[in-house]
Amino acid sequence: MYSKLTIENRSAIKRFSHSKRFKVALDILDLVEDDTLLDYGTGDGHFILSLSLKCPGVKIVGYEPIEEMFNQLVSSLKENESSSSVSVIQKLESLSENSFDKITCFEVLEHLSDEMQRIAIGNIKLLLKKDGLAFISVPIEVGPSSLVKNLIRFAIGQSHKGTNFLDVIKSVFGIRVKRENAPYVNSHLGFYYFNLEKIFFEEGLIIKQKIYSPFNWLRGIINSQVFYIL
């Protein structure tokens, strides 16, 4: 289960980081009764199930295209009695354009190539209402944060696939790291959030707010994630 790598990780540091980002995600949405929300890349469903408990009047759709994750998601929903306001899909074709007040996409885009990031952002724009908001989070994998993260990953035996010392040093200085050419990129190495901001700008999305987690001070220097409200 994906949760074993995040909120149930054997590393206390990783548990703290992921638990904090889920709390930030729940807090920033500012949902109201009858809002419609799409969670783009919903994983095993931990976030949308937590959201359905906090905001039972909100219609929630979870989109998860990866077969293994989708099966975990369906299983999680079957086990949870609070999921009556939640539905899940594996394909976007069933959704109408401009149909969601809010769309979340948390810890997904770092696993996509630049081209696939643009496609995902295009899909989000298409499905979001004209006055809607998108909430996107990605990990900070550059500068001191990258060094600390990768040292911890090595120490606890959870380094990402293909990680090597040279690429870690490159990531500290924001130097381009060659990434895996695949539909789903397992490693975070070489993903730099400031490049994603360029795509936001090119796609006509306006950054209304940036929030850092877990501390929201010293910006990208010591934090694990950055959240965008767009």
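Note that residues are indexed from 1 along each chain, following the sequence as it is written. Only residues with pLDDT of 70 or above have their local features reported here, since the model is predicted, and side-chain atom pairs are shown and tallied only from 80 upward, although totals for entire chains, interfaces and linings are computed over all residues. For the side-chain quantities, the full set of heavy atoms in the structure was used; hydrogens and water were omitted.

Draft legend 1. Expanded view of a nonpolar patch on the surface. A surface patch of nonpolar side chains, about 480 Å² in accessible area, is lined by Phe-215, Trp-217, Leu-218, Ile-221 and Ile-222. Per the convention used, a helix needs a DSSP run of H or I reaching at least four residues, while a strand needs a run of E reaching at least two, with both numbered from the N terminus. With respect to the helices and strands, Leu-218 occurs in the loop between β6 (209-213) and β7 (225-229). Residues enter patches when they are more than 30% accessible in relative terms and free of salt bridges; like-charged ones are connected within 9 Å and nonpolar ones (Val, Leu, Ile, Met, Phe, Trp, Tyr) within 5 Å. Surface accessibility in these figures is a Shrake-Rupley result with a 1.4 Å probe; residues are shielded only by whichever protein chains are displayed. Every case where a carboxyl oxygen of Asp or Glu lies within 4 Å of a side-chain nitrogen of Lys or Arg is listed as a salt bridge.

Draft legend 2. Highlighting the layout of surface pockets. Approximately 440 Å³ is the volume attributed to the second largest pocket. Where the lining of the second largest pocket is concerned, the elements lending two or more residues are α4 (114-127) and α7 (193-202). The class makeup of the residues in the lining of the second largest pocket is seven nonpolar, five polar and six charged. Only protein atoms enter the calculation, which uses a 1 Å grid: trapped sets of points that fit a 1.4 Å probe without letting it out are cavities, open sets showing protein on both sides within 12 Å along at least five of seven lines are pockets, and any residue with an atom within 4 Å of a point is a lining residue. Grid points are joined across faces, edges and corners, and a volume is the space filled by probe spheres set on the points. Any residue outside Ala, Val, Leu, Ile, Met, Phe, Trp, Tyr, Cys, Pro, Asp, Glu, Lys and Arg is labelled polar, Gly included; the first ten of those are nonpolar and the last four are charged.

Draft legend 3. How the structure looks around the packing of aromatic side chains. Think of it this way: a Phe, Tyr or Trp ring, Trp meaning its six-membered ring, pairs with another when their centres are within 6.5 Å, and the plane angle makes it stacked under 30 degrees, edge-to-face over 60, tilted otherwise. Across all of its chains, the model carries seven aromatic pairs by this definition. Both rings, one in Phe-200 and one in Tyr-228, keep their centres 5.2 Å apart while their planes meet at 75 degrees; by these two values the pair is edge-to-face. Taken together, the residues span a long stretch of sequence, with Phe-200 in helix α7 and Tyr-228 in strand β7 at a distance of 28 residues. Both residues of the pair, Phe-200 and Tyr-228, belong to the buried class. Among the aromatic residues, those joined into a ring-pair cluster are Phe-47, Phe-106 and Phe-227. Burial classification: accessible surface area is computed with a 1.4 Å probe over protein chains only, and a residue below 20% of its type maximum counts as buried, one above 50% as exposed, and the rest as partly exposed.

Draft legend 4. Spotlight on unusual backbone geometry. Along the chain, Ser-213 connects to Pro-214 via a cis peptide bond; the corresponding omega equals 15 degrees. Checked against the element boundaries, Pro-214 lands in the loop between β6 and β7. One non-glycine residue, Asn-98, lies in the positive phi region at around 50 degrees. Mapped onto the fold, Asn-98 is located in the loop between β3 (86-89) and β4 (100-106). For Asn-98, a relative accessible area of 31% gives the class partly exposed. Here the phi dihedral of Glu-107 falls at roughly 55 degrees; this positive angle occurs in a residue that is not glycine.

Draft legend 5. Geometry of the sheet that holds β7. Read across the open sheet, the seven strands follow the order β3-β2-β1-β4-β5-β7-β6; overall the sheet is mixed. Each of the sheet's edge strands pairs with one partner strand only, and the pair in question is β3 and β6. This sheet shows a mean twist of 20 degrees between the axes of neighbouring strands, independent of strand direction. Two strands pair if DSSP finds at least two bridges between them. Across five bridges, the pairing between β6 and β7 is antiparallel. Note on β7: the bridge partner recorded for Ile-211 is Phe-227. To obtain each axis, a line is fitted to C-alpha atoms, and for helices this fit is confined to the stretch in contact; angles are then taken between N-to-C directions over 0 to 180 degrees.

Draft legend 6. Molecular detail of the pairing of strand β2 (residues 59-63). Counting buried positions over the five residues of β2 gives four, a clear majority of the element. Bridge count for strand β1 (residues 36-40) against β2 is five bridges, and the pairing is parallel. Counted as the bridge partner of Tyr-40 is Tyr-63 from β2. Here, the term right-handed applies to a crossover whose path from the first strand over the helix to the second runs clockwise when the strands point away from the viewer. Crossover β1 to β2 through helix α2 (residues 46-54) is right-handed. As judged from the four bridges shared by β2 and β3, these two strands associate in the parallel manner. Residue Gly-62 lies in a different strand from β3, and its bridge partner there is Val-88.

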